[in-house]
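Observations on the three-dimensional arrangement
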Amino acid sequence: MTFYITPDHTPSSDGLYLFKKTVDLKKGGRAVINIFAASRYILYINDEYICEGPCRSYEKIRYYDSVEAELKCGINHICVKVLHTTNYLSSVYNTALPELAFEAIVNGETISSDASWGIHYMHGYAFTTYYMKTTGPYEL
């Protein structure tokens, strides 16, 4: 069963979080991956870009994105960068903590979001607000 996972605490209200998991698969193959993050995410498997999302809709409706990716027999590294913000951004759903739900099924083996995932705040990223000052209706 797949659960939302979040960090134990939020060291910063805004920023990027790294959700990581290493799995040892008995068989490799094509995986069907269902992934959801409350805000924006980028998924990497074995240091290869897979996708970003999530699919957007009405703010109270949340979708899982479904994607296929190749996982190898043996050690695989799953990394999801998740944006978290408490500020209003039109394409980002705001939550108290960054959230991730992940499930991959490859040759009958299931990889799910659970307490075994490492979650780290990525220092060095910040949001900047720019204000545009105008003196007339058509001046920039």
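Residues numbered from 1 in each chain as written. Predicted model: local features only at pLDDT ≥ 70, side-chain atom pairs only at ≥ 80, totals over all residues. Heavy atoms only, no water.

Some remarks on the sheet that holds strand E7 (residues 100-106)
The strand order across the open sheet built from four strands is E5-E2-E7-E8, with neighbouring strands paired in antiparallel fashion. Each of the sheet's edge strands pairs with one partner strand only, and the pair in question is strand E5 (65-71) and strand E8 (109-112). Averaged over all pairs of adjacent strands, the angle between their axes in this sheet comes to 20 degrees, without regard to strand direction. Pairing between strand E2 (residues 29-37) and E7: six bridges, direction antiparallel. In the sheet register, Ile33 faces E7, and the bridge partner there is Ala104. (Pairing = 2+ DSSP bridges. Helix = DSSP H or I, 4+ residues; strand = E, 2+ residues; numbered from the N terminus. Axes fitted to C-alpha atoms, helices over the stretch in contact; angles between N-to-C directions.)

Thoughts on the confidence of the model for the chain
This prediction gives the chain a mean pLDDT of 83; 76% of its residues lie at or above 70. By mean pLDDT, the top-scoring element of the chain is strand E3 (residues 41-45) (96), and the lowest-scoring one is strand E9 (residues 118-122) (90). (pLDDT = per-residue confidence, 0-100.)

Focus on the packing of aromatic side chains
As enumerated under the stated definition, the model contains five aromatic pairs in all. Seen from their ring centres, Tyr4 and Phe36 are 5.6 Å apart, and the 75 degrees between their planes marks the pair as edge-to-face. Here the residue Tyr4 occupies a position in the segment before strand E1 (15-25), and Phe36 occupies one in strand E2, the gap between them amounting to 32 residues. According to the relative accessible area criterion, Tyr4 is partly exposed, its value standing at 45%. Phe36 sits in the buried class, given a relative accessible area of 3%. Aromatic side chains Tyr44 and Tyr49 sit 6.2 Å apart centroid to centroid with 75 degrees between the ring planes, which places their arrangement in the edge-to-face category. Residue classification places Tyr44 among the partly exposed positions, given a relative accessible area of 21%. Aromatic rings pair up to connect Tyr4, Phe36 and Tyr64 into one cluster. (Phe/Tyr/Trp six-rings, centres within 6.5 Å; stacked < 30°, edge-to-face > 60°. Buried < 20%, exposed > 50% of the residue type's maximum accessible area, 1.4 Å probe, protein only.)

Re the sheet that holds strand E6 (residues 74-84)
Read from one edge of the open sheet, five strands run E4-E3-E6-E1-E9, paired in antiparallel fashion. The sheet is open, and its two borders are formed by strand E4 (48-53) and E9, each paired with just one other strand. Averaged over all pairs of adjacent strands, the angle between strand axes in this sheet comes to 20 degrees, irrespective of strand direction. As paired strands, E1 and E6 are joined by 11 bridges and run antiparallel to one another. Counted as the bridge partner of Gly15 is His84 from E6.

Section: the nonpolar core
Ranked by internal contacts, the top residues of the largest apolar core, which has 27 residues, are Ile33, Leu43, Val80, Leu100 and Phe102. Of all the secondary structure elements, the ones that give two or more residues to this core are E1, E2, E3, E4, E5, E6 and E7. Each residue touching Ile33, except ones within four places of it in the same chain, is listed here: Leu43, Ile45, Asp65, Ser66, Val67, Ala69, Phe102, Glu103 and Ala104. Counting five residues, the second largest nonpolar core, distinct from the first, contains Leu16, Leu18, Leu83 and Met122. (Core = buried A, V, L, I, M, F, W, Y, C linked by side-chain atoms within 4.5 Å. Contact = heavy atoms within 4.5 Å.)

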